[in-house]
Amino acid sequence: MDCGARREQPRAASRHPGSPGLSAGSRELGAARHRRLGPPPGVCSSVLRKNWKCTVPAAALGSRLLHPDSDSAPPGGSQRWRSTREAPVTAFAPFDARADAEALRKAMKGLGTDEETVLTILTTRNNAQRQEIASAFKTLFGRDLVDDLKSELTGKFETLMVSLMRPAYIFDAHALKHAIKGAGTNEKVLTEILASRTPAEVQNIKQVYQQEYEADLEDKITGETSGHFQRLLVVLLQGNRDPDVGVDEALVEQDAQVLFRAGELKWGTDEEKFITILGTRSVSHLRRVFDKYMTISGFQIEETIDRETSGDLEKLLLAVVKCIRSVPAYFAETLYYSMKGAGTDDDTLIRVMVSRSEVDLLDIRQEFRKNFAKSLYQMIQKDTSGDYRKALLLLCGGDDD
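Residues numbered from 1 in each chain as written. Predicted model: local features only at pLDDT ≥ 70, side-chain atom pairs only at ≥ 80, totals over all residues. Heavy atoms only, no water.

Help me get a handle on the overall build of the protein chain, residues and values and all.
From N to C terminus, the protein chain includes 22 helices and 0 strands. For the protein chain, the residues scored as buried account for 56% of the 401 residues in total. In the protein chain, the proportion of contacts linking residues at least 24 apart, taken out of those at least 6 apart, comes to 76%. For the protein chain, the accessible surface area stands at approximately 16,400 Å², while carbon and sulfur atoms represent 48% of it. (Helix = DSSP H or I, 4+ residues; strand = E, 2+ residues; numbered from the N terminus. Buried < 20%, exposed > 50% of the residue type's maximum accessible area, 1.4 Å probe, protein only. Contact = heavy atoms within 4.5 Å. Areas by Shrake-Rupley, 256 points an atom, 1.4 Å probe, with all protein chains shown as cover.)

Now, about the pattern of salt bridges: what can you tell me, with residues and values included?
Per the stated rule, a full pass over the model turns up 23 salt bridges. The partner of Glu249 in a salt bridge is Arg288, with the nearest N and O atoms 2.8 Å apart. Of this pair, Glu249 sits in helix α13 (residues 249-262) while Arg288 sits in helix α15 (residues 283-297); the two residues are 39 residues apart in sequence, bridging distant segments of the chain. Classification of Glu249 as partly exposed rests on a relative accessible area of 40%. Across the pair Arg325 and Glu302 runs a salt bridge whose closest N-O atoms are separated by 2.7 Å. Of this pair, Arg325 sits in helix α17 (residues 311-325) while Glu302 sits in helix α16 (residues 301-308), placing them 23 residues apart in sequence. Given a relative accessible area of 2%, Arg325 falls into the buried group. Using a relative accessible area of 3% as the deciding quantity, one classes Glu302 as buried. Salt bridges linked by common partners bring Arg105, Arg143 and Asp148 together as one network. (Salt bridge = Lys/Arg side-chain N within 4 Å of Asp/Glu carboxyl O.)

Pulling in residues and values, what's your account of the nonpolar core?
Grouped together as the largest cluster of nonpolar side chains are 101 residues, with contacts concentrated most on Met161 and Met353. If you tally residues by element for this core, the top one is α17, at 9 residues. Apart from residues no more than four positions distant in its own chain, Met161 is found in contact with Val118, Leu119, Leu122, Thr123, Leu149, Leu153 and Ala391. (Core = buried A, V, L, I, M, F, W, Y, C linked by side-chain atoms within 4.5 Å.)

Please provide a residue-by-residue account of the packing of helix α9 (residues 187-196) against helix α18 (residues 327-339), values included.
Close contact between α9 and α18 brings their axes to 11 Å; oriented N to C, the two are set at 165 degrees. If you check the angle between α9 and α18, you find them roughly antiparallel. Crossing geometry of α9 relative to α18 is assigned as left-handed. Side by side, α9 and α18 meet where Thr191, Glu192 and Ser196 of the first sit next to Val327, Tyr330, Phe331 and Thr334 of the second. When the residues that make up the contact of α9 with α18 are grouped by side-chain class, the tally is 3 nonpolar, 3 polar and 1 charged. (Axes fitted to C-alpha atoms, helices over the stretch in contact; angles between N-to-C directions. Parallel < 35°, antiparallel > 145°, perpendicular 65-115°, else oblique. Left-handed = near helix turned anticlockwise from the far one by under 90°. Nonpolar A, V, L, I, M, F, W, Y, C, P; charged D, E, K, R; others polar.)

Give me the environment of Val352: which residues, what numbers.
Mapped onto the elements, Val352 comes out in helix α19 (residues 346-356). Linking Val352 and Leu335, residues 17 residues apart in sequence, is a C-alpha distance of 7.3 Å. Non-local contacts of Val352, meaning those with residues more than four positions away in its chain, are made with Glu192, Phe331, Thr334 and Leu335.

Talk me through helix α6 (residues 145-152); I want residue IDs and the actual numbers.
Those residues of α6 lying buried are Leu145, Val146, Asp148 and Leu149. The arc that holds every buried residue of α6, seen down its axis, measures 160 degrees, which confines them to one face. Of the residues that open α6, the one with a side-chain oxygen 3.1 Å from the backbone nitrogen of Val146 is Asp144. (Arc of directions from axis to C-beta. Polar contact = N/O pair within 3.5 Å; in protein donor to acceptor, adjacent residues only side chain to side chain.)

Hey, could you go over helix α20 (residues 361-372) for me, with residue numbers and the actual values?
Since there are 3.6 residues in each turn of an α-helix, residues three or four apart along the chain are aligned in direction. A rise of 1.5 Å per residue sets the reference length of α20, with its 12 residues, at 16 Å; its end C-alpha atoms lie 16 Å apart and thus fit the reference within 8%. The set of residues buried in α20 consists of Leu361, Asp363, Ile364, Arg365, Glu367, Phe368, Asn371 and Phe372. Following α20 by one or two positions, Ala373 adopts a phi angle in the positive range, close to 55 degrees. (Expected span 1.5 Å × (residues − 1).)

Any chance you could break down the side chain of Thr123 for me, citing the residues and the numbers?
In this structure, Thr123 sits in helix α4 (residues 115-124). Reaching out from Thr123, the side chain makes a polar contact with the backbone oxygen of Leu119 at a distance of 2.6 Å. In contact with Thr123, not counting residues within four places along its chain, are Val89, Met161, Leu164, Ala391, Leu394 and Leu395.

Run through the packing of aromatic side chains, naming residues and quoting values.
Taken as a whole and judged by the stated rule, the model has 8 aromatic pairs. Judged by centre distance (5.1 Å) and plane angle (80 degrees), the ring pair of Tyr336 and Tyr337 falls under edge-to-face. Relative accessible area serves as the criterion here: at 14%, Tyr336 is assigned to the buried category. Here the basic side chain of Arg125 rests over the ring of Phe92, its NZ or CZ set 3.8 Å away from the ring centre. Sitting above the plane of the Phe299 ring, Arg307 keeps its charged end 4.1 Å from the centroid. (Phe/Tyr/Trp six-rings, centres within 6.5 Å; stacked < 30°, edge-to-face > 60°. Lys NZ or Arg CZ within 6 Å of the ring centre and 35° of its normal.)

Which residues make up the packing of α19 against helix α22 (residues 386-396), and what are the values?
Contact geometry for α19 and α22: axes closest at 11 Å, N-to-C directions at 35 degrees. Two packed elements cross with a definite hand, and for α19 against α22 that hand is left-handed. For the pair α19 and α22, the contacting residues are Asp346, Leu349, Ile350 and Met353 in the first and Tyr388, Leu392, Leu395 and Cys396 in the second. Split by residue class, the contact of α19 with α22 holds 7 nonpolar, no polar and 1 charged.

Any details on unusual backbone geometry? Residues and values, ideally.
The omega angle of the peptide bond from Ala93 to Pro94 is -5 degrees, so this bond is cis rather than trans. Along the chain, Pro94 falls in the loop between α2 (58-61) and α3 (97-108). The phi torsion at Glu214 lies on the positive side, around 50 degrees, for a residue other than glycine. Turning to its location among the elements, Glu214 is positioned in the loop between α10 (199-213) and α11 (217-224). Positive phi outside glycine occurs at Ala373, with the angle close to 55 degrees. Among the secondary structure elements, Ala373 is positioned in the loop between α20 and α21 (376-383). Assessed through its relative accessible area of 63%, Ala373 is described here as exposed.

Written out as structure tokens, the structure reads:
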């Protein structure tokens, strides 16, 4: 059966946008979607390449910090543009890579490990600074810092510390590599990364993946997925979403009508229409389409997707819609469900905390508090323990209660 096959069931009565039937993240209409652009000033491309054996240009490897003065800001003051103030992990000052390298070596030398020193240094320096520390570590001691971390640390704490050492796009490429490696595919990781990254980021991830693993990311993903889920992934992998350069109201009306006819008015679902429109139109355009769709149909677009599709396709379409509405709200919801209930999805918790720590984690904290009536800090404190918890709380950057 196609993973995106229609799930036939009676039409449900229209729900208000704020009703419990929609996720908290989905209700945040019009919130800002973030852009994450190239490396921060002062990042040494040779440092990144030296430590990770990568020949990709520095611009493709850089941190996801946003630069208010960047020429890459969207034209017309797009809502996706934000400043660096929304990242809790920023450049540490005064910074001395040599001193940090010596402190880390001392913390891991001999019997026992001073985990407190390790986690304090690595969670309070940004990624560019961590690369400089790794370079200094190798220069001073002839040792690889990541190898030493793997040797001296264990469990979830080790995973978190090693993850912090990966440059941003290598981090994403590595996560995707492991999502499609071996028996079975981790569709959750494919969905999370490809639904939330900007077109420029997707292009950089593909370039890094090719350099790191000597393989084409699209070929690997199509070899492990199928059906309409695969087709939407391929569309997102092209990184060709329309730029935010104004909204054509006539096209908004047309797209809303096309989606209505492809779903609610059709026996069976024309998934291709959903894939093309949601995968290629600009963020500002789609936000208007969602409003128009509600006016035409009486339903939120998420409600239609929930009724008309199923399986991995449904999850991916919903993730795309949530990220169009608000990337921080999407990740707040992702973090909440990684810790809700019995057990913790530590892989997701680590992946989101690391990947967003220099991007929009303060916005995510705000959305988390607003939508789930508790702070992200408190939920991490309750659901984790030990040095792992200490490191996550430092990355979180504070409590919102």
